[in-house]
Amino acid sequence: MNGGWLAGKKSQFTKDEALKEYFKFLADDALILGQQLSRWCSKGPVLEQDIAIINTSLDHIGRARLLYQELAKIEGNGATEDTLAYFRDHQEFRNALLLEQPNGHWGDSVVRSFFIDTFNFFLYDGLRRCENQVLAGIAEKSVKEIAYQAQWSAEWVIRLGDGTEESHEKVQKSIDNLWMWTGELFEKYPVFESLDSSFIDFSTLKTQWIEKVALVLETATLQMPNPESWMQTGGRLGVHTSHLGFILAEMQSLPRTYPDAAW
Amino acid sequence: MGTNVSLEDNFQTYVDGENKVEPKDWMPEKYRKTLIRQISQHAHSEIIGMQPEANWITRAPSLRAKLILLAKVQDEAGHGLYLYSAAETLGESREKMISDLQSGKAKYSSIFNYPTPSWADMGTIGWLVDGAAIQNQVMLTRTSYGPYARAMVKICKEESFHQRQGYEVVMKLAQGTPEQKAMAQESLNRWWWPSLMMFGPSDDESPNSAQSMKWKIKRKSNDTLRQEFVDKTVPQVEYLGLTVPDSDLKWNEARGHYDFGIINWDEFYAVIQGNGPCNKERIAHHVEAHEEGAWVREAANAFAQKQAQRKKNTGAAA
């Protein structure tokens, strides 16, 4: 990591620190994606899809709450789900950069969801057997929702890819544009080395993910970009794109304006 | 002509006997038209009503509040869908209703032409606006058109829940810091009178009401519903330690009701005629989402057609 823009990042973690980081990976992914999807409310292409996307946003934020509640217990010092969501700044967030990318049009949002939902499906399926009982419980509860989400977003990729010429072109472009943010999902972080192997090492999910994505894109008559092309990274280390600053500024504005208030 | 009169008489007798009218029954054309107008207007209100609340989803001050608000707006989208379906049983297509909404031909509840600059508005809307809507909708669970009455039973249950949630938001503010309490009062000041306007013009100014009452589409007059709402809500305001922004408000022992001041009818009609602070914004938002979604709907249709064709081809081959 030396000699590039990720210089100076922590590379060794105690077991305790690693556990907190791992919860942040999962919780921040869920919160940021839920927050982004909630922006579609009242803007969907058809009423039924407005309802579907709000539902997905609800699932993500619901999962973020469960994860933050547990993280707050581990953190102690008066931390709560809300202090974690509302009183951390961008460099303390650990979400993947993919999730903070703008909603764009329906195709952009659907592709972003498809990439992360497919990742989440394999991740949470594995985490059901995690030695951490709370995390295993959350995974058990979430995996059904995630299976539905992964199906929903894959179906939309297929529909747009194999729909009209216009939709095919648009969604291919979404895939090409978002592709460089996918590699980060499968990096092997030092955090994994300090944890029991039942905390899934994200890098082990890459093969399954590529197989599934390739299959869906083929059905959608779309081209899969090269998985070995140059990928962006930084989110898991707290190095983010400019988008996250705006997402947080908006999300956190009220509690930060009235820090003594309870809502 | 004679036959027509007799059909209408039979219809009136049927409705007078508290029987429900179903989609395939004969009904006067004006009854059908009135219902299409009323149900689609109700559906549009649910859909346009998503906007002032969606405005706060990304800024809800706690994760719990964010979840509750999301779920509420999702319910509203569901109600819209349900009501569009009820109107479709009368022979009106959803495309037609949406195009009437966007052209300004169809109306929606005027209350949603007011803005929501404050988080407190998320509480006040649930408490007062949904509260006023419930007053109307409880009556509609007994309306003479079957599909509408049944839709209302389901919708009322969820609306009551929203009203409790709204009240909870306001209560937290009213019992919170001085800034929060001021926030709640400021919001109440803006929403109190528009909420009373939701019941529509006074009975002597309400041209469609008499016929609707006769057909039992409507079962209580605008003024009766408004009075019930005031009587029910004033004690809630007092419980919160807030003040109703009406210097003429006082309990009338002889009537057994609250007396209240005069609604600003000029504002009421101005907003209905398109001159509220958000009329243009609400429709523009709806039109924009609809237009931006056009290529997505086309793709979904094209894909569905291809799938149907493939299925047919496979079927023919087998």
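Residues numbered from 1 in each chain as written. Chains lettered and ligands numbered in written order. Predicted model: local features only at pLDDT ≥ 70, side-chain atom pairs only at ≥ 80, totals over all residues. Heavy atoms only, no water.

Undergrad: Just to check I follow, could you spell out the overall build of chain B for this structure?
TA: Helix and strand counts for chain B come out as 13 helices and two strands. Seen through its principal axes, chain B has C-alpha atoms that stretch 75 × 55 × 35 Å. Split into buried and exposed, the 318 residues of chain B put 52% on the buried side. The long-range fraction of contacts in chain B, counting pairs at least 24 apart against all pairs at least 6 apart in sequence, stands at 76%. (Helix = DSSP H or I, 4+ residues; strand = E, 2+ residues; numbered from the N terminus. Buried < 20%, exposed > 50% of the residue type's maximum accessible area, 1.4 Å probe, protein only. Contact = heavy atoms within 4.5 Å.)

Undergrad: Honestly, the overall build of chain A in this entry has me stumped. Any pointers?
TA: When helices and strands are tallied, chain A shows 10 helices and zero strands. Element order for chain A, N to C, with α for helix and β for strand: α-α-α-α-α-α-α-α-α-α. Relative to a compact globule of 263 residues, whose C-alpha radius of gyration would be 18 Å, chain A shows 18 Å and is just as compact. Expressed along its principal axes, the backbone C-alpha trace of chain A runs to roughly 55 × 40 × 40 Å. Within chain A, the proportion of its 263 residues that are buried is 60%. The contacts of chain A with a sequence gap of at least 6 include a subset with a gap of at least 24, amounting to 80%. Surface summary for chain A: the accessible area is close to 10600 Å², and the carbon and sulfur share equals 52%. Side-chain charges in chain A split into 25 positive and 37 negative, and the spacing between the mean points of these groups amounts to 3 Å. (Rg over C-alpha atoms; globule rule 2.2 N^0.38 Å. Areas by Shrake-Rupley, 256 points an atom, 1.4 Å probe, with all protein chains shown as cover. Lys, Arg positive; Asp, Glu negative; His and termini not counted. Charge placed at Lys NZ, Arg CZ, Asp CG, Glu CD.)

Undergrad: Any chance you could explain the interface of chain B and chain A here in plain terms?
TA: Size of an interface: often given as the accessible area lost when the parts come together. Taken together, the contacts link 45 residues of chain B with 49 residues of chain A. Both faces considered, chain B and chain A share a buried interface measuring about 4000 Å² in area, 70% of it formed by carbon and sulfur atoms. When residues of chain B are sorted by the area they lose upon contact with chain A, Thr 58, Leu 63 and Trp 295 of chain B head the list and together hold 20% of the total. Connecting chain B to chain A are three salt bridges. For Arg 94 of chain B, the salt bridge identified is with Glu 48 of chain A, shortest N-O distance 2.7 Å. Put simply, the parts of the chain that give the side of chain B that touches chain A at least two residues each are helix H3 (50–57), helix H4 (63–88), helix H7 (146–174), helix H8 (178–197), helix H12 (279–292) and helix H13 (294–317) of chain B. Residue classes in the side of chain B that touches chain A are distributed as 25 nonpolar, 10 polar and 10 charged. (Buried area = accessible area lost by both parts, 1.4 Å probe. Salt bridge = Lys/Arg side-chain N within 4 Å of Asp/Glu carboxyl O. Nonpolar A, V, L, I, M, F, W, Y, C, P; charged D, E, K, R; others polar.)

Undergrad: I'm lost on the side chain of Glu 76 of chain B in this one. Help?
TA: All names here are of chain B. Relative to the elements of secondary structure, Glu 76 occurs in helix H4. For Glu 76, a relative accessible area of 5% gives the class buried. Sequence-distant contacts of Glu 76, defined by excluding residues within four places in its chain, comprise Glu 46, Gly 49, Met 50, Glu 53 and His 162.

Undergrad: In this structure, what is going on with the pattern of salt bridges? I would like to understand it.
TA: Two side chains carrying opposite charge are able to pair once their charged atoms lie near each other. Scanning the model with the defined rule gives 38 salt bridges over all chains in all. For the salt bridge of Glu 250 of chain A with Arg 39 of chain A, the shortest nitrogen-to-oxygen distance reads 2.1 Å. Of this pair, Glu 250 of chain A sits in helix H10 (residues 242–257) while Arg 39 of chain A sits in the loop between helix H1 (15–38) and helix H2 (47–75), and the two are 211 residues apart along the sequence. Glu 250 of chain A sits in the partly exposed class, given a relative accessible area of 23%. Overlapping salt bridges bring together Glu 53, Lys 72, Glu 76 and Asp 130 of chain B as one network.

Undergrad: How should I be thinking about the side chain of Asn 95 of chain A in this particular structure?
TA: Locating Asn 95 of chain A in the fold gives a position in the loop between helix H3 (81–86) and helix H4 (97–100). Side-chain polar atoms of Asn 95 of chain A contact the side chain of Glu 100 of chain A, separated by 2.9 Å. (Polar contact = N/O pair within 3.5 Å; in protein donor to acceptor, adjacent residues only side chain to side chain.)

Undergrad: Explain unusual backbone geometry here, please?
TA: Residue Asn 77 of chain A is not a glycine yet carries a positive backbone phi of 55°. When its relative accessible area of 83% is taken as the criterion, Asn 77 of chain A is described as exposed. The residue Lys 216 of chain B is not glycine, and still its phi comes out positive at about 60°. Structurally, Lys 216 of chain B is set in the loop between helix H9 (209–214) and helix H10 (222–240).

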